[in-house]
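Fold and contact review
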Amino acid sequence: MAKVLLENIKRKFNNVTAIEDISLEIPDGEFWVLVGPSGCGKSTILRTIAGLETATSGNLYIGDRLVNDIPARARDVAMVFQNYALYPHMTVRENIAFGLQMRKVDPKTIQQRVLTVATSLALDHLLDRKPKQLSGGQQQRVALGRAIARQAQLFLLDEPLSNLDAQLRDDTRAELKQLHQQLGITTIYVTHDQVEAMTLADKIVVLNQGKIQQIGDPQSIYALPANEMVASFLGNPPMNILHAIYKGDTFDISGQLLQIPPNFQQNLKLNLGEIYHLGIRPEHINIAENLGGLTVEVKVVEPLGRETLIRVSLPGSSSFINVQIGGNVRLHPGEKLNLQLDLNQLFLFNSHTGERMFPLL
């Protein structure tokens, strides 16, 4: 086990900067998730830690050892790739055992560890098959099992669950979390799936365009996003962002007036006529029986069992507002609704920079 320290890491490809001035300190034994949209630099960071990419500048430490010039094979890192990287001529048993054999682990220990890992990943009945006889999801689990069996000082996982079906992905995610709790090995996990990030991570690193947007535990980032990008990325469905013109005591939202919460007035100096971005999560919007709030039209209804997600639009606006309501409510496209926003749950963002203005820290 080892802590990981990145100091001002930059990686450039010709004239393109993939990651810029990244600094992180991941404590020994913690599970950190790098999350962000495609092209944000998360896989490049992971590959740089593994030694598969070379940083253009900056320092990288694994434990107390500076590893800038140490090759990947000498870093004691186990990595799971998105594209499996299995040995096609070996059986499942041999693939899982390969890293242990290379490290000259006792054969009896190898046999026991392979069986334990295979059982935990529902692969024990497939141990004598070769990769070409497996489905894509099964191959991904073999790759995951090979990394787990090694018990290296650092796990690097690059979207390892992306090829699993929904139920198996949920099961494997829970198993991953349990295995980490048992083994306590420092783990860095890359995903674009916010559900994986929220459920697995001790800490989340949100990235965009090669830069860190926010670092924190899942609950803190969800409750207090640093900027509009983080607010709209974490959360399913995402936070609604409404364009609002400041009118003094109200915000003008597509021609409808929304009362400004007193705490906005007390803590902020807003400019008349200025456009701001209001954020509100779908679960903090209710359907009002009486007139008031915002008048909208239902466009899409998505029943999800215990809850229903509806997409509504404001008159004269092409953008949608997501609303999460109880599953027993029956609505149809074309219906008119009045929405009541929980004013205590409103966020305010600068429309130019995207930075959060309210709530204050």
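As a reminder, the structure under discussion sits directly above these lines.
Attention here is on the structure that accompanies the text. (Residues numbered from 1 in each chain as written. Predicted model: local features only at pLDDT ≥ 70, side-chain atom pairs only at ≥ 80, totals over all residues. Heavy atoms only, no water.)

1. Considerations on the overall build of the protein
- When its secondary structure is counted, the protein shows 9 helices and 21 strands.
- Referenced to the eigenvectors of the C-alpha coordinate spread, the extents of the protein come out at roughly 75 × 45 × 35 Å.
- Scored against the burial criterion, the 361 residues of the protein give a buried share of 48%.
- Considering only intrachain contacts with a sequence separation of at least 6, the fraction spanning at least 24 residues in the protein is 65%.
- Summed over all atoms, the accessible surface of the protein reaches about 17600 Å², with 47% contributed by carbon and sulfur.
- Separation of charge centres in the protein, based on 34 positive and 36 negative side chains, amounts to 7 Å. (Helix = DSSP H or I, 4+ residues; strand = E, 2+ residues; numbered from the N terminus. Buried < 20%, exposed > 50% of the residue type's maximum accessible area, 1.4 Å probe, protein only. Contact = heavy atoms within 4.5 Å. Areas by Shrake-Rupley, 256 points an atom, 1.4 Å probe, with all protein chains shown as cover. Lys, Arg positive; Asp, Glu negative; His and termini not counted. Charge placed at Lys NZ, Arg CZ, Asp CG, Glu CD.)

2. Observations regarding the layout of surface pockets
- Computed from the structure, the largest pocket encloses a volume of approximately 570 Å³.
- Surrounding the largest pocket, 19 residues form its lining, Val77, Ala78, Met79, Tyr87 and Arg150 being those nearest its centre.
- Here the lining of the largest pocket is composed, by residue class, of 13 nonpolar, 1 polar and 5 charged.
- Estimated volume of the second largest pocket: approximately 170 Å³.
- Per-element tally for the lining of the second largest pocket: the top contributor is helix 6 (residues 194–200), with 3 residues. (1 Å grid on protein atoms, 1.4 Å probe; cavity = no way out; pocket = protein on both sides within 12 Å on 5 of 7 lines; lining within 4 Å. Points joined across faces, edges and corners; volume = space filled by probe spheres on them. Nonpolar A, V, L, I, M, F, W, Y, C, P; charged D, E, K, R; others polar.)

3. Here we look at the sheet that holds strand 13 (residues 256–259)
- One open sheet accounts for 6 strands, arranged 13-12-11-14-20-21; its pairing is antiparallel. Only two strands of the sheet have a single neighbouring strand rather than two, namely strand 13 and strand 21 (356–358). In this sheet, adjacent strand axes meet at a mean angle of 40 degrees when their direction is disregarded.
- Judged from the 4 bridges that link them, strand 12 (residues 250–253) and strand 13 form a sheet pairing that is antiparallel. Among the inter-strand pairings, Ile253 is bridged to a residue of strand 13, identified as Gln256. (Pairing = 2+ DSSP bridges. Axes fitted to C-alpha atoms, helices over the stretch in contact; angles between N-to-C directions.)

4. Some thoughts on the sheet that holds strand 8 (residues 186–191)
- Taking strand neighbours across the sheet as the criterion, the 6 strands line up as 6-7-8-3-9-10 in an open arrangement whose pairing is mixed. Edge strands, defined here as strands with exactly one partner in the open sheet, are strand 6 (77–80) and strand 10 (211–216). Strand-to-strand twist in this sheet, taken as the mean axis angle between neighbours without regard to direction, amounts to 15 degrees.
- Bridge analysis of strand 6 against strand 7 (residues 154–158) gives 4 bridges, and the strand direction is parallel. Paired with Ala78 across the two strands is Phe155, which belongs to strand 7.

5. Remarks on the packing of aromatic side chains
- One pass over the full model with this rule turns up 7 aromatic pairs.
- For the ring pair Phe251 and Phe264, a centre distance of 6.4 Å and an interplane angle of 75 degrees mean the geometry is edge-to-face. Here Phe251 is found in strand 12, whereas its partner Phe264 is found in helix 9 (residues 262–267), with 13 residues between them in sequence. An identical accessibility class is assigned to Phe251 and Phe264; each is buried.
- On the basis of relative accessible area, Phe251 is assigned to the buried category, the value being 0%. (Phe/Tyr/Trp six-rings, centres within 6.5 Å; stacked < 30°, edge-to-face > 60°.)

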